[in-house]
Amino acid sequence: MTFPAAYMPLGAYPATAYTSTNPFGQGWQWLTDPANWQGAAGIPTRIVEHLGFTGLTLAISLAIAVPIGLYVGHTGRGRVVVVAMAGMLRALPTLGIMTLFALIATSTLSLMPAIWSLVLLAVPPILTGTYAGISSVDRGLVDSARAMGMREPQILFGVEVPNGLSVMLGGLRSAVLQVVSTVAVVAFISLGGLGRFIIDGLAVQDYGQVLGGAVVIAVLAIVLDGLLALLQRTVVSPGLRNVSRGTEPDAVLAQL
């Protein structure tokens, strides 16, 4: 079988010469080894792959979950179904679903089985965040908008979305964190991303590589969450920040 450069088999990685016998020391040596930061199997390449898988997953999830959440939050129809479906999807084991999809697909190296399993993970927080954000808007504001003669699309995008944006972005942040941390499982079916360091490191008992890969994933998740927090602070109206501070989609749903 011929592998693309991004999907190099075991043994294709440069081996770090460890002087430490402590796993944490080995992890630090692996992270600071220049050989691991270059080439087709280096950390920068794996980060780009990881972000690519994450971006594709989120794009599909947003296209599915946001319209449904906007409709249900605005009309109030199907709210019980949405909450039940979100809870059901959260209970599904991502690795098990990904393996099942991969077995159904024609090739275990196919990308989409892994992406669809991650979409099932990302849809619930985005869906509940969107629905909860729209539903949490003061009904008095909505009634006032209708009394002024605004049409339903104008009310949705001119009143409800701006006022519920903080909760909606909270759902997106939750989805991003879950997807970034779980994208590592795509390495289980011989795809790329930062999970390659963990899977391949375990295969050859290179625990410095395993720990180093886990640290890179954690740092990437923290950086992305920080960027989304900055975006949330930037796009949300200053007058709404104090009102919505600390409000999470699940907490809002519990009050509905």
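Rules used throughout
Residue indices begin from 1 for each chain and proceed along its sequence in written order. Totals for whole chains, interfaces and linings use all residues, but because this is a predicted model, local features are given only for residues with pLDDT of at least 70 and pairs of side-chain atoms are given and counted only at 80 or more. The basis for every side-chain value is the complete set of heavy atoms in the structure, and neither hydrogens nor water enter the calculation. By the criteria applied, helices consist of DSSP H or I runs no shorter than four residues and strands consist of E runs no shorter than two, each listed in order from the N terminus. Residue burial is assigned from relative accessible area. The probe radius is 1.4 Å, only protein chains are included, and a residue is buried under 20% of its type maximum, exposed over 50%, and partly exposed in between. Definition of a polar contact: a pair of N or O atoms within 3.5 Å, with one able to donate and the other able to accept a hydrogen when the atoms are protein atoms, and with sequence-neighbouring residues admitted only if both atoms are side-chain atoms. Residues qualify for a patch when their relative accessible area is over 30% and they have no salt bridge, like charges being joined within 9 Å and the nonpolar side chains of Val, Leu, Ile, Met, Phe, Trp and Tyr within 5 Å. Here the open area of atoms and residues is found with the Shrake-Rupley method and a 1.4 Å probe, where only the protein chains shown may cover a residue. The rule for a salt bridge is simple: a side-chain nitrogen of Lys or Arg has to be within 4 Å of a carboxyl oxygen of Asp or Glu. For this analysis, a ring pair means two rings from Phe, Tyr or Trp (six-membered ring only for Trp) whose centres lie within 6.5 Å, classed as stacked if their planes differ by under 30 degrees, edge-to-face if by over 60, and tilted for the remaining angles.

*Asks:* Explain the side chain of threonine 128 residue by residue, including any values.
*Replies:* Position of threonine 128 among the secondary structure elements: in helix α5 (residues 112-135). For threonine 128, a relative accessible area of 3% puts it in the buried group. Polar contacts involving the side chain of threonine 128 include one to the main-chain carbonyl oxygen of proline 125, which spans 3.2 Å.

*Asks:* Which residues make up a nonpolar patch on the surface, and what values go with them?
*Replies:* Residues Leu56, Ile64, Ile68, Met112 and Trp116 make up a contiguous nonpolar surface patch of roughly 380 Å² in combined accessible area. Along the chain, tryptophan 116 turns up in helix α5. Among the residues examined, tryptophan 116 registers a relative accessible area of 39% and is labelled partly exposed.

*Asks:* Outline the packing of aromatic side chains, supporting the account with residue identities and numerical values.
*Replies:* Counting across every chain of the model gives one aromatic pair. On the basis of an interplanar angle of 70° and a centroid distance of 4.9 Å, the ring pair of tryptophan 30 and phenylalanine 197 is categorised as edge-to-face. Of this pair, tryptophan 30 sits in helix α1 (residues 23-31) while phenylalanine 197 sits in helix α8 (residues 195-203); the two residues are 167 residues apart in sequence, bridging distant segments of the chain. A relative accessible area of 2% places phenylalanine 197 in the buried class.

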